[in-house]
Amino acid sequence: MGETVVGFLNYLRNSYLREFSRIAGKNPRLQIVCGNESADLDSVVSAITYAYFSYIKDPSRPFLPVLNILRADLELRRDIVWVLKQRNIPYGLLYFQEDIQGLRNQLNCPIDAVLVDHNDTQSTARELVDSVIAIIDHHEDLGLHKDILERQCGPRIIEKAGSCSSLVYNYWNGLLGPQMNRADTRAPCLGLAALLIDTSNMSYKVEQPDVQAHKSFRGSIRDLDFDEYFAQIRRAKDDIVGLPLRDVLRKDYKEFDFLKGRGGAIRCGMASVVKPLQWLERQFQDQEFKATSSKFLKERNQDVLLILTSWTDDENRFSRQLAFYAETKQNTETVCKLADLVRDKLQLRPIQILDIPDERFRFYAQENTNASRKQVVPYMEEACRQL
Ligand SMILES: [Mn+2]
């Protein structure tokens, strides 16, 4: 076997970055692989595996895997923490938003980025990345960075897949061919973890790239019960007991600026939560639920906060809900219109959650359970254009 995942990460931290000016040569450029700003398991795995497989192929120009969140926020993602721990990968060896800022100052060179699990730069990376040199993603194609192919940097793969990690794995598996045998089996185990979570153990949103990746994992990973592995990660992911509501909201959170047809934009924060609204209401009570939503909206300077819940109950039924929150009169009116405009597509049915109704909130059961945030975003975008 060649270099292990941990060996690779150690090399980056203890040799490559320390001797960057010597290794990187005359026109140094730092290369990173960046996941999206929700930094879910898929993004984290896609970034690590892309960087690792690229290193197996060509160790001379390594990529740093970057998680597009603050280091302190990783603890909230208990599934990621569990998977990394299970594979003996210390997350002290990974790179976060604040590290990229630090490295930029320290190395004083341009930064080239591969984007995985998103197709335009997000959050802090927007200011820090000089050039996007490759994309592998499964979100809607925003049509940007199309010159990647002309510049002959890296791939620009944006395809339908349950998990972006499948696209990353298939891409490198194709390039590495028999060299894949030299790779650490921890890398496919990471890919498998994201694939199982994103497809609910190959039962949901499974596309051809997922089937292909799953087949490869079956061939290369021995001594691992896939069903049990899935159940363990799922448990870790759903374990949000004990977190304050603010952490529950920021755990899997993204922001969008949706342009209005008549000019201006609606700033919309979207928090995905793995428990039903009734659970949140029970845990935190009306008052805290209202106060935290309000504080969260203000802290992040958003017009609208959406809470997207999804969970599987004891009878293995999968459900979704959608909550809207806005404060000013104008924004609560906007929410009414938006909810009407997306109602059919998402099959929204009003439900009551709070003991004392509050006009700043609107709660719905989302009977179109196939629509995750990935679909809700373009629907909301389209609705905003009609305003
Ligand atoms: Mn993804």
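The structure displayed is predicted, hence computed values, not measured ones.

All told, the structure shown has 21 aromatic pairs when counted by the stated rule. Plain terms: the ring middles of Y50 and F63 are 5.8 Å apart, the flat faces sit at 90° to each other, and that makes the pair edge-to-face. Of this pair, Y50 sits in helix 3 (residues 41–57) while F63 sits in the loop between helix 3 and strand 2 (64–67), and the two are 13 residues apart along the sequence. Y50 sits in the buried class, given a relative accessible area of 4%. Arranged with centres 6.2 Å apart and planes meeting at 50°, the rings of W82 and Y229 form a pair that is tilted. Separated by 147 residues along the polypeptide, W82 in helix 4 (residues 78–86) and Y229 in helix 10 (residues 226–238) bring together distant segments of the chain. For W82, a relative accessible area of 22% puts it in the partly exposed group. With relative accessibility at 1%, the residue Y229 sits in the buried group. Through pairs of rings, three or more aromatic residues link up here, namely F8, Y11, Y16, F20, Y52, F53, Y55, Y169 and F217. Residue placement shows R218 over the ring face of F226; its charged tip is 4.1 Å from the ring centre. Just above the ring of W279 sits the side chain of K275; from NZ or CZ to the centre is 5.5 Å.

Domain assignment breaks the protein chain into domain 1 (5–237) and domain 2 (241–385). Computed from C-alpha coordinates alone, the two centres of domain 1 and domain 2 are separated by 29 Å. On the side of domain 2, 20 residues touch domain 1, which itself brings 13 residues to the contact. Taken together, both faces of the contact between domain 1 and domain 2 bury some 1500 Å²; the carbon and sulfur share is 45%. Note that D73 is salt-bridged to R250, the shortest N-O span being 2.4 Å. Counting the contacts that link domain 1 with domain 2 gives 8 residue pairs in polar contact (both at pLDDT 80 or more).

What counts as what
- Residues numbered from 1 in each chain as written.
- Predicted model: local features only at pLDDT ≥ 70, side-chain atom pairs only at ≥ 80, totals over all residues.
- Heavy atoms only, no water.
- Phe/Tyr/Trp six-rings, centres within 6.5 Å; stacked < 30°, edge-to-face > 60°.
- Helix = DSSP H or I, 4+ residues; strand = E, 2+ residues; numbered from the N terminus.
- Buried < 20%, exposed > 50% of the residue type's maximum accessible area, 1.4 Å probe, protein only.
- Lys NZ or Arg CZ within 6 Å of the ring centre and 35° of its normal.
- Domains from an automatic or database assignment.
- Contact = heavy atoms within 4.5 Å.
- Buried area = accessible area lost by both parts, 1.4 Å probe.
- Salt bridge = Lys/Arg side-chain N within 4 Å of Asp/Glu carboxyl O.
- Polar contact = N/O pair within 3.5 Å; in protein donor to acceptor, adjacent residues only side chain to side chain.

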